Amino acid sequence: MLISTDELAGITDIGTLGFVPTMGALHAGHASLIKVSVRQCDVTVVSVFVNPAQFGEGEDLDRYPRTLEADISIAKEAGADYVYAPTIEEVYPHYPALSLAGEELEPGLLARNWEGKLRPGHFEGVVAVVKRLFDLVQPDYAYFGEKDFQQLRVLEDMVARLQLPVEIRPCFTMRDADGIALSSRNRYLSAEEREQARSIPTALMAMRDAFKEGETGTNKLLNLAQDVLDESIQLDYLAIVDELTLEPIERLTEGCDRQARAIFAGRVASTRLIDNLPFNS
Ligand code: AMP
């Protein structure tokens, strides 16, 4: 099940290769990506690598859950063929420098706002590791969750700009029964905090539902969501953006807006959560 860097070279010409990059602590959200890849590709590789370059100072790199044995079981159960868990030196040959020689990658314009603004260096770390993993695994298709919508768009943009020979396939966000988007970070939440976090999907859905009932002004929708969000939540941002540009939208297209998405980031006690919802869902 575990595959080494050297062994990767032997699987690239077996057929279509699907790749699901993760930071481990796998849950049903990751499993859904794996299952899509398994349905669509001949061979599926899941990587597990906690990428230090995408964590900022004071973020949760040290306490990020590391559960490789359980991850292997979940990946296997979902039908993956291989789990690739490279060492830090394999990903970053100049470690402890987290740099890749000759690969000064720009995360691009889509990385300017939202997560990019609040987490300086985050998307630089994301594009660096994903490009490096693409080079190592050489997939035909790579599966990413809409849960991290800006990340998905930044990576689609990177693949287009660099004309990489891989197709990014977006996958829906999986949620728990209470509506909360599955996330490896949910395990940090106490029962009380989880109750507060429930207001995040509720607020996003309230905006979408009000839009479906005819409200097209995004300020009104955002005010409505603010009222629904638990007041203990420290908001980083709540916005309605164009999916292509990630720029805020002032007025939605009545009836069906195919390109608008509500995005949220904030802190429930010490846990930072992100979520988003398309208006056409
Ligand atoms: P992570 O391990 O958090 O880096 O996530 C690895 C991949 O799984 C990314 O493409 C995420 O967008 C995706 N993912 C995380 N949570 C979910 C979810 N609840 N539903 C679907 N995909 C998810």
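Because the structure is predicted, anything quoted here is derived from the model rather than measured.

Visitor: I tried to follow the sheet that holds strand β1 (residues 17-22) on my own but got confused; where do I start?
Guide: Each strand in a sheet pairs with its neighbour through backbone hydrogen bonds, running either in the same direction (parallel) or in the opposite one (antiparallel). A sheet is described by the order of its strands in space; here five strands give the open sequence β3-β2-β1-β4-β5, paired in parallel fashion. A strand with exactly one partner marks an edge of an open sheet, and here the two such strands are β3 (82-84) and β5 (167-171). Each strand of the sheet is rotated relative to its neighbour by a mean of 30°, with strand direction disregarded. With five bridges joining them, strand β4 (residues 141-145) and β5 adopt parallel strand pairing. Note that in β5 the partner of Gly145 across the bridge is Cys171. Sitting on the sheet, helix α6 (residues 122-137) touches β1, β2 (43-48), β3 and β4, and the angle it makes with β1 is about 145°.

Visitor: Explanation requested: the site of the ligand in the structure shown.
Guide: Around the ligand, the structure places 16 residues, and the nearest of them are Met23, Gly145, Asp148, Met174 and Leu182. Within the contact set of the ligand, an oxygen atom lies 2.9 Å away from a backbone nitrogen or oxygen of Gly145. Contacts to the ligand include Asp148, whose side-chain N or O atom sits 2.6 Å from an oxygen atom. Protein contacts shield 93% of the accessible area of the ligand, which totals 490 Å² for the unbound molecule. Ranked by residue count, the leading element in the shell around the ligand is helix α2 (residues 28-40), at three residues. Among the residues forming the shell around the ligand, the class breakdown is eight nonpolar, six polar and two charged.

Visitor: Would you mind showing me how to read the pattern of salt bridges here?
Guide: Side chains that carry opposite charge are capable of pairing whenever their charged atoms lie near each other. Enumeration over the complete set of coordinates arrives at 17 salt bridges. Between Glu115 and Arg119 there is a salt bridge, with its nearest N and O atoms 4.0 Å apart. By the burial criterion, Glu115 is buried, and Arg119 matches it. Residues joined by salt bridges that share partners form a network here, namely Glu59, Glu115, Arg119, Asp236 and Arg272.

Visitor: What's the story with the environment of Leu68 in this structure? I'm lost.
Guide: Examined against the element boundaries, Leu68 turns out to sit in helix α3 (residues 68-77). Taking the relative accessible area as the measure of exposure, Leu68 reaches 30% and is therefore partly exposed. Along the primary structure Leu68 and His30 are separated by 38 residues, whereas in three dimensions their C-alpha atoms are 14 Å apart. Apart from the residues within four sequence positions on either side, Leu68 is in contact with Val48, Val83 and Ala85.

Visitor: What am I meant to see in the packing of α6 against helix α7 (residues 149-162) here?
Guide: Direction vectors running N to C along α6 and α7 enclose 55°, while the axes themselves pass 11 Å from each other. With respect to α7, the axis of α6 lies oblique. Like other packed secondary-structure pairs, α6 and α7 cross with a definite hand, here right-handed. For the pair α6 and α7, contact is made by Phe123, Val126, Val127, Val130, Lys131 and Phe134 and by Gln150, Gln151, Val154, Leu155, Met158, Val159 and Leu162, respectively.

Visitor: For this particular structure, what's the right way to read unusual backbone geometry?
Guide: Most peptide bonds take the trans form, and the phi angle of most residues other than glycine is negative. The omega angle of the peptide bond from Tyr95 to Pro96 is 15°, so this bond is cis rather than trans. Inspection of the secondary structure puts Pro96 in the loop between α4 (88-91) and α5 (115-118). The residue Trp114 is not glycine, and still its phi comes out positive at about 55°. Secondary-structure assignment places Trp114 in the loop between α4 and α5. A relative accessible area of 14% places Trp114 in the buried class. In this structure, Gln138 is a non-glycine residue whose phi angle is positive, near 50°. The residue Gln138 is located in the loop between α6 and β4 in this model.

Reading guide: rules and limits
- Residues numbered from 1 in each chain as written.
- Predicted model: local features only at pLDDT ≥ 70, side-chain atom pairs only at ≥ 80, totals over all residues.
- Heavy atoms only, no water.
- Pairing = 2+ DSSP bridges.
- Helix = DSSP H or I, 4+ residues; strand = E, 2+ residues; numbered from the N terminus.
- Axes fitted to C-alpha atoms, helices over the stretch in contact; angles between N-to-C directions.
- Contact = heavy atoms within 4.5 Å.
- Near = heavy atom within 4 Å.
- Polar contact = N/O pair within 3.5 Å; in protein donor to acceptor, adjacent residues only side chain to side chain.
- Areas by Shrake-Rupley, 256 points an atom, 1.4 Å probe, with all protein chains shown as cover.
- Nonpolar A, V, L, I, M, F, W, Y, C, P; charged D, E, K, R; others polar.
- Salt bridge = Lys/Arg side-chain N within 4 Å of Asp/Glu carboxyl O.
- Buried < 20%, exposed > 50% of the residue type's maximum accessible area, 1.4 Å probe, protein only.
- Parallel < 35°, antiparallel > 145°, perpendicular 65-115°, else oblique.
- Left-handed = near helix turned anticlockwise from the far one by under 90°.

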